[in-house]
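The primary structure of each chain is shown beneath.
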Amino acid sequence: MRPEKRWSDRPEDRRFAWFTIRALRLAPGTRALDLASGSGELLCTWARNHGVTGTGVDISTVFTEKARSRASELGVADRVSFVHGDASGFVADEPVGLAACVGATWIERFGDLGYDVVEMVLADQDSWDRYRAAQWLNLRRWLDAHPDDGMAAEVRAELTTGPARYARYQREYLGWGVFALMAR
């Protein structure tokens, strides 16, 4: 078994985080909005390495708490915040210089809101495998910590069937992309 790696520990993730900031020429202090922020690695990495500030939004309470912990761990909790909510309907309370969303299909709606896609990075199959495998590991850890939770049976069913379903039917067709947007 490979040792667990965080999102920002992988070379391709560090390259992406650096490339996005450099390609968009974002200055320290730029406000970012990270939609479907997951465990907060992207926003926390940008804050630590590039001085970005901002907000992450995720529908999962588990990921929102992980993101807050990660921000504290990296010493950036004073520059970033994480909100539990549905990213597809979230409206920032102030303008941002960068909106990011890794892996969500609804990002195309931003064109209707007056934003242009100015950069993108698409994952290869191995990156997608790592992304999905990390989800299964998190499910397993959650089950270990919450065996009597009301959702445990549902989470167990997903962990039991999800990896095989992914390998048989989804892997060939799924992936993720990151699209950088700028206001028109």
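Preceding this paragraph is the structure being described.
Residue numbers here run from 1 along each chain, matching the order of that chain's written sequence. Selection of residues for local features in this predicted model requires a pLDDT of at least 70, selection of side-chain atom pairs for listing and counting requires 80 or more, and totals for whole chains, interfaces and linings are taken over all residues. As a convention, hydrogens and water are excluded, and side-chain values are obtained from all of the structure's heavy atoms.

1. Concerning the overall build of the protein chain
Argument step 1. Helix and strand content of the protein chain: five helices and six strands.
Argument step 2. Going along the chain from the N terminus, every DSSP run of H or I of four or more residues is numbered as a helix, and every run of E of two or more is numbered as a strand. From first element to last, N terminus to C terminus, the protein chain shows the α and β order α-β-α-β-α-β-β-β-α-α-β.
Argument step 3. Only protein chains enter the calculation, and the probe is 1.4 Å; a residue is then buried if its accessible area is under 20% of its type maximum, exposed if over 50%, and partly exposed in between. Across the 184 residues in the protein chain, those meeting the buried criterion constitute 39%.
Argument step 4. Whether two residues are in contact is decided by their heavy atoms: any pair within 4.5 Å suffices. Of the contacts formed within the protein chain by residues at least 6 apart in sequence, a portion of 72% connects residues at least 24 apart.
Argument step 5. All accessible-area figures derive from a Shrake-Rupley calculation using a 1.4 Å probe, and residue coverage is judged against the displayed protein chains alone. Here the protein chain displays about 10700 Å² of accessible surface, and carbon together with sulfur accounts for 53% of that area.

2. With respect to the layout of surface pockets
Argument step 1. Buried and open spaces are told apart on a 1 Å grid over the protein atoms alone, a cavity being a set of points where a 1.4 Å probe fits but cannot get out and a pocket being an open set with protein on both sides within 12 Å along at least five of seven lines. Residues with an atom within 4 Å of a point are the lining residues. Grid points are joined across faces, edges and corners, and a volume is the space filled by probe spheres set on the points. Roughly 410 Å³ of volume is contained in the second largest pocket.
Argument step 2. Looking at the second largest pocket, it is lined by 14 residues, and the ones nearest its centre are Ser60, Val62, Leu139, Trp142 and Val155.
Argument step 3. Elements represented by at least two residues in the lining of the second largest pocket include exactly helix H3 (61-73), helix H4 (125-145) and helix H5 (152-170).
Argument step 4. Gly is placed with the polar residues, together with every amino acid not listed as nonpolar (Ala, Val, Leu, Ile, Met, Phe, Trp, Tyr, Cys and Pro) or charged (Asp, Glu, Lys and Arg). A class-by-class count of the residues in the lining of the second largest pocket yields seven nonpolar, four polar and three charged.

3. Regarding the pattern of salt bridges
Argument step 1. When a carboxyl oxygen of Asp or Glu is within 4 Å of a side-chain nitrogen of Lys or Arg, the pair counts as a salt bridge. Inspection of every chain in the model, using the stated rule, returns eight salt bridges.
Argument step 2. One salt bridge connects Arg165 with Glu158, and the closest N-O pair in it is separated by 2.8 Å.
Argument step 3. For Arg165, a relative accessible area of 30% gives the class partly exposed.
Argument step 4. Taking relative accessible area as the criterion, Glu158 reaches 28% and is therefore assigned partly exposed.

4. Some remarks on the packing of H4 against H5
Argument step 1. The convention used is that axes are lines fitted to C-alpha atoms, helices contributing only their stretch in contact, and that angles between N-to-C directions extend from 0 to 180 degrees. Direction vectors running N to C along H4 and H5 enclose 160 degrees, while the axes themselves pass 9 Å from each other. The orientation of H4 with respect to H5, classified from their angle, is roughly antiparallel. As H4 packs across H5, the resulting crossing turns out to be left-handed. Residue-level inspection shows Trp128, Asp129, Arg132, Trp136, Leu139, Arg140, Trp142 and Leu143 of H4 in contact with H5, the latter providing Ala152, Val155, Arg156, Glu158, Leu159, Gly162, Pro163, Tyr166 and Gln170.
Argument step 2. A per-class count over the contact of H4 with H5 returns 10 nonpolar, two polar and five charged. Roughly parallel here means an angle under 35 degrees, roughly antiparallel means over 145, roughly perpendicular means 65 to 115, and every remaining angle is called oblique. Note: crossing handedness is left-handed where the near helix turns anticlockwise from the far helix by less than a right angle, and right-handed where it turns clockwise.

5. Concerning the side chain of Thr64
Argument step 1. Position of Thr64 among the secondary structure elements: in helix H3.
Argument step 2. According to the relative accessible area criterion, Thr64 is buried, its value standing at 3%.
Argument step 3. Beyond its immediate stretch of four places on either side in the chain, Thr64 contacts Gly38, Asp58, Phe82, Val83 and His84.

6. Quick word on the nonpolar core
Argument step 1. Among buried residues, those of type Ala, Val, Leu, Ile, Met, Phe, Trp, Tyr and Cys that are joined through side-chain atoms within 4.5 Å constitute a nonpolar core. Counting residues in each nonpolar core, the largest one holds 18 residues, and the members touching the most others are Cys44, Trp46, Val76, Val80 and Phe82.
Argument step 2. Elements supplying a minimum of two residues to this core: helix H2 (41-50), H3, strand S3 (80-84) and strand S4 (98-101).
Argument step 3. For this core, the element with the most residues is H2, which contributes five residues.
Argument step 4. Judged by nonpolar contacts, the second largest core, of eight residues, contains Leu143, Ala152, Leu159 and Tyr166.

7. Here we look at the sheet that holds S3
Argument step 1. Here four strands make up an open sheet; going across it, the order is S3-S2-S1-S4 and the pairing parallel. One side of each edge strand has no neighbouring strand; the edge strands of this open sheet are S3 and S4. Neighbour-to-neighbour, the strand axes of the sheet open up by a mean angle of 15 degrees, direction not taken into account.
Argument step 2. Any two strands with at least two DSSP bridges between them are considered paired. Pairing of strand S1 (residues 31-35) with S4 involves four bridges; the strand directions are parallel. Opposite Leu33, over in S4, you have Ala99 as the bridge partner.

8. Concerning H5
Working note: α-helix, 3.6 residues per turn, so residues spaced by three or four point in the same direction.
Argument step 1. Of all the bends in H5, the greatest, near 35 degrees, is centred on Thr161, and the proline Pro163 appears no more than four residues after it.
Argument step 2. Of the residues making up H5, those classed as buried are Ala152, Val155, Leu159, Gly162 and Tyr166.
Argument step 3. Against the buried residues of H5 lie H4. The bend at a residue is defined as the angle formed between two axes, one fitted to the seven residues ending at that residue and one fitted to the seven starting there.

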